[in-house]
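Each chain, letter by letter, is given below.
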Amino acid sequence: MRVVIGEGSCGIAAGALKVRSALEKLLEKETIGSTGCIGMCFLEPIVDIYEGKNLLKRLVRVSEKDAENIAKAVKTADFSKISYLEISSEDEEFLNRQTRIALRNCGKIDPSSIEDYRENGGYKALEKVLEKMLPEEVIEEIKKSGLAGRGGAGFPTWFKWNAARKSEIKGKKHLICNADEGDPGAFMDRALIESDPHSLIEGMLIGAYAIGASDMTVYVRAEYPLAIKRLEKAIEQAKKVGILGENILGSGFSCDMKIKAGAGAFVCGEETALIESLEGKRGMPRLKPPFPAQKGYFDEPSNINNVETFANVAWIIENGGEKFAKLGTENSKGTKVFALTGKIKRSGLVEVPMGMTLREVVFEIGGGIRGDKKIKAVQLGGPSGGCIPENLLDTVIDYKKLSETGAIMGSGGMVVMDEDTCMVGMAKFFLDFTAEESCGKCVHCRLGTKRMQEILTRITEGEGKEGDIELLEELCEAVKDGALCGLGQTAPNPVLTTLKYFRNEYEEHIFEHRCKAKECSVLLEYEILPEKCRGCTLCAKNCPAKAIFGELKNPHVIDKNLCVKCGACSKICRFGAILIK
Amino acid sequence: MDALQSNLKLLEPVLDEFAPEKGSLITILQKAQEIYGYLPKDVIYHIAKKTGNTPAEVLGVATFYSQFRLEPLGKYLVMVCQGTACHVNGSEKVSAAVSEYLGIESGKTTEDGLFTFEKVACLGCCSLAPVIMINGEAFGNLTTEKAVRILKNLREKEGA
């Protein structure tokens with residue numbers, strides 16, 4: 001019997017290593033194994049008990065205090081004392097309703113073992129490609145699958161590979177993996193690299209073979225040190241067994257792989273900015289055309305794909321493109337991984353076939369809203385995306401259908417918002433981000449995002465004025481038009497979608513000075529309900545602005561002119577006497 | 001800015017390995033920061049000399065990327081995540097509480113050199129929102145009280 005601990009970044013942040021240390025004191029080292037992120041972040045730390053390849057028990061929210069009980073159970077094969085840790089059948093639905101292709105090995109195999117990867121079918125697709133397929137045949141299989149770029153653009157992968165393959169520009173060909181994953185709220189690629197690094201290597205090798213590249217680079221953002229570490233180890237292991245380097249598996253095909261870390265710039269997720277960064281320069285995007293397939297890394301033909309795109313490749317080669325295309329909709333084939341977060345009960349990684357509705361993801365898989373509050377919107381696509389309101393939740397996950405709502409599929413970040421989320425605040429949040437991350441090359445993006453940020457800040461602070469909404473709309477058009485790259489072109493999307501579906505919130509902020517979600521603190525009013533106040537003086541004693549007056553045992557009053565709206569009184573009142581308007 | 005003279009010899013192995021490689025400037029700056037804790041001005045000038053770039057070009061790259069620091073760090077680097085999930089779960093209040101407790105704005109270091117406070121983009125632990133990371137260790141499911149308590153404990157540990 002073996003005990004396998006989930007050790008992705010989330011698991012570790014939740015305390016998995018403490019659980020490991022506790023178990024190592026009680027069990028033999030060989031009985032303790034490690035796996036990556038299974039994507040059920042809301043249940044971490046997770047400990048699985050295996051008998052051979054069979055999963056006997058899945059224990060969740062484990063702490064070091066449970067180590068003794070777990071060790072006893074494993075030694076005696078009597079699990080009755082740890083039944084309190086077992087995953088509930090409702091929570092199991094989170095995984096059961098998913099279709100895992102990209103995430104197929106995550107949380108199952110040991111990411112630091114190439115043997116584990118191979119035992120689970122790994123590198124079989126690469127063998128098939130090198131022994132039996134021509135590069136054109138590989139591209140044909142990817143074409144059949146309908147695989148489209150999972151980084152957000154949704155461009156047909158086979159087309160990019162073919163363009164790079166056919167490029168007549170002189171020079172070496174380069175295969176690059178975009179692991180910059182800069183969208184706040186997205187961590188699909190992080191989990192993939194931490195939990196199944198070999199599937200990235202295999203997918204990339206197949207791509208390199210298809211386009212005729214002899215070197216591969218993975219550009220990983222600096223903020224993912226564990227992913228970098230795991231990938232470095234996997235590359236070393238692959239080199240040792242001849243899967244990377246000269247004459248791979250005796251096929252005559254040679255290819256090398258290296259990792260280059262980003263240095264903290266969201267714009268470097270844009271492929272030409274990424275190339276500039278790989279060249280050691282400021283990450284400022286280039287004009288397209290020429291496309292990277294023509295002039296990429298140091299002006300040589302290059303092909304860039306996202307991590308998740310590559311993670312699907314080996315499965316497609318092994319099972320056939322047609323099988324992948326059986327899943328999904330007419331214009332969106334296969335599955336998509338989402339990072340489901342926000343005000344959701346079950347937060348984590350969700351991989352579903354295209355064609356499932358957003359409502360199903362949020363309620364059947366995600367379990368609905370925390371505290372059973374009312375859902376307000378779902379934000380898709382990060383700072384380039386938009387908010388989809390409750391009445392459109394039956395929209396299916398499909399590149400075309402989602403863009404018809406004004407949002408985009410994006411890289412996979414799906415943030416759920418409830419009645420307590422201020423939509424103007426969300427637009428401001430995204431503009432704070434894009435204004436900061438704008439590289440500055442284009443006047444419209446550099447100044448336009450800044451001006452939009454200023455207007456949104458004024459509105460959330462009660463200083464919105466007549467004409468602000470129209471000015472925002474005008475700026476949105478201007479920035480979209482005048483920006484060179486995707487960052488600027490999509491920066492207005494959060495504003496445009498919130499204006500489209502939640503215009504009333506903007507108007508309430510500006511004309512009524514109200515924030516119904518009670519998030520914009522400057523717009524709130526604090527009042528003491530005299531019928532509930534017992535005059536205990538706790539609020540007055542804790543008020544940092546000394547704005548509360550009253551005598552002991554008599555109802556107190558807040559002086560609205562002195563109140564700084566910090567909310568301290570509301571937090572400390574034991575009688576629910578503070579009303580927030 | 002710094003009258004300090006850095007020990008440039010420490011950088012030799014990095015320059016020997018990477019300076020001849022084209023496109024390696026960011027890697028060199030990253031390794032230099034690992035050695036010195038930040039990028040002192042004389043190190044930047046030295047890197048420029050050894051890589052055939054102007055100091056302006058090197059500084060241009062160093063100031064473009066948020067990872068590079070031109071000033072020394074405190075003993076504890078406190079990063080407060082500003083990702084979407086953290087925002088929706090109250091990260092602004094946590095940021096405000098950290099800023100208030102430490103008495104500094106984002107990007108600054110406390111006078112005793114103990115804490116540097118930074119607001120950072122998504123750390124990728126969204127299901128534990130709101131999250132702060134201190135010297136690479138993540139702390140999740142925070143409230144303003146929990147966050148301040150973590151910092152208080154560190155201060156006490158340092159006997160400050």
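Before reading further, recall that the structure is shown in the block above.
Residues numbered from 1 in each chain as written. Chains lettered and ligands numbered in written order. Predicted model: local features only at pLDDT ≥ 70, side-chain atom pairs only at ≥ 80, totals over all residues. Heavy atoms only, no water.

Caption draft 1: Main features of the overall build of chain B. Looking only at helices and strands, one finds seven helices and four strands in chain B. Helices and strands appear in chain B in the N-to-C order α-α-α-α-β-α-α-β-β-β-α. A buried classification covers 53% of the 160 residues belonging to chain B. A fraction of 61% describes how many contacts in chain B between residues 6 or more apart in sequence connect residues 24 or more apart. Accessible surface, chain B as shown: approximately 7,900 Å² in total, 51% of it carbon and sulfur. On chain B, the mean spot of the 16 positive side-chain charges and the mean spot of the 19 negative ones are 2 Å from each other. (Helix = DSSP H or I, 4+ residues; strand = E, 2+ residues; numbered from the N terminus. Buried < 20%, exposed > 50% of the residue type's maximum accessible area, 1.4 Å probe, protein only. Contact = heavy atoms within 4.5 Å. Areas by Shrake-Rupley, 256 points an atom, 1.4 Å probe, with all protein chains shown as cover. Lys, Arg positive; Asp, Glu negative; His and termini not counted. Charge placed at Lys NZ, Arg CZ, Asp CG, Glu CD.)

Caption draft 2: Local environment of the interface of chain A and chain B. Across the contact, 51 residues belong to chain A and 32 residues belong to chain B. Three residues, A263, R282 and F429 of chain A, lead the burial of chain A against chain B; their summed loss comes to 19% of the area buried on that side. Where chain A packs against chain B, one counts zero salt bridges. For the pair chain A and chain B, the interface holds ten residue pairs in polar contact (both at pLDDT 80 or more). When contributions to the side of chain A that touches chain B are tallied by element, the ones reaching two or more residues are α1 (9-14), β7 (256-261), α12 (271-278), β9 (335-342), β13 (413-418) and α17 (423-437) of chain A. Here the side of chain A that touches chain B gets five residues from one element, more than from any other, and that element is α17 of chain A. (Buried area = accessible area lost by both parts, 1.4 Å probe. Salt bridge = Lys/Arg side-chain N within 4 Å of Asp/Glu carboxyl O. Polar contact = N/O pair within 3.5 Å; in protein donor to acceptor, adjacent residues only side chain to side chain.)

Caption draft 3: How the structure looks around the sheet that holds strand β2 (residues 32-35) of chain A. Residues and elements named next belong to chain A. Here four strands make up an open sheet; going across it, the order is β2-β1-β3-β4 and the pairing mixed. Here the strands that pair on one side only, and so sit at the sheet edges, are β2 and β4 (54-59). When the angles between neighbouring strand axes are averaged without regard to direction, this sheet yields 30°. (Pairing = 2+ DSSP bridges. Axes fitted to C-alpha atoms, helices over the stretch in contact; angles between N-to-C directions.)

Caption draft 4: Structural context of helix α9 (residues 188-195) of chain A. The buried count for α9 of chain A comes to eight of eight residues, which makes it a mostly enclosed element. By the burial criterion, the buried members of α9 of chain A are M188, D189, R190, A191, L192, I193, E194 and S195 of chain A.

Caption draft 5: How the structure looks around the nonpolar core. If you look at the biggest cluster of nonpolar residues, it comprises 86 residues, and the most contacted ones within it are I201 and L205 of chain A. With nine residues, the single largest contributor to this core is helix α10 (residues 197-211) of chain A. If sequence neighbours within four positions are ignored, L205 of chain A has contacts with L126, M216, I243, L244, I248, F253 and C255 of chain A. In this structure, I304 and C445 of chain A together with L39 and I44 of chain B belong to the second largest nonpolar core, which totals 41 residues. (Core = buried A, V, L, I, M, F, W, Y, C linked by side-chain atoms within 4.5 Å.)

Caption draft 6: Fine view of the sheet that holds strand β8 (residues 302-306) of chain A. Residue and element names in this part refer to chain A. Pairing within the open sheet is parallel, and its four strands lie in the order β7-β6-β5-β8. The outermost strands of the open sheet, each flanked by one partner alone, are β7 and β8. Averaged over all pairs of adjacent strands, the angle between strand axes in this sheet comes to 20°, irrespective of strand direction. Bridge count between strand β5 (residues 174-179) and strand β6 (residues 215-220): six bridges; the pairing is parallel. From the neighbouring strand, A179 faces β6, where its bridge partner is V220. Those strands touched by helix α11 (residues 225-240) are β6 and β7, and its axis lies near 165° from that of β7. Each of β5 and β8 is contacted by helix α13 (residues 307-319), which is oriented at about 90° to β8, the strand it contacts most.

Caption draft 7: View of the pattern of salt bridges. This model, assessed by the stated rule, comprises 40 salt bridges over all chains. Its salt-bridge partner being E158 of chain B, residue K75 of chain B comes within 3.1 Å of it at the nearest N-O pair. Of the two residues, K75 of chain B is situated in the loop between α4 (55-64) and β1 (76-81) and E158 of chain B in the segment after α7 (144-157); the sequence distance between them amounts to 83 residues. One continuous salt-bridge network, built from bridges that share partners, spans E93, R97, E360 and E364 of chain A.

Caption draft 8: Region of the structure containing the side chain of K428 of chain A. Summarising the element assignment, K428 of chain A is placed in helix α17. Apart from the residues within four sequence positions on either side, K428 of chain A is in contact with L456, T457 and T460 of chain A.

Caption draft 9: Seen up close, the packing of aromatic side chains. Residues and elements named next belong to chain A. Following the criterion strictly, the structure yields twelve aromatic pairs over all chains and no others. A centroid spacing of 5.7 Å and a plane angle of 80° characterise the contact between W158 and F159, whose relative ring orientation is edge-to-face. Cluster of aromatic residues (ring-pair linked, three or more members): F155, W158 and F159. Lying over the aromatic face of W158, K143 brings its terminal NZ or CZ to 4.4 Å of the ring centre. For the cation-ring pair, K336 lies above F338, with the distance from its terminal atom to the ring centre recorded as 5.7 Å. (Phe/Tyr/Trp six-rings, centres within 6.5 Å; stacked < 30°, edge-to-face > 60°. Lys NZ or Arg CZ within 6 Å of the ring centre and 35° of its normal.)

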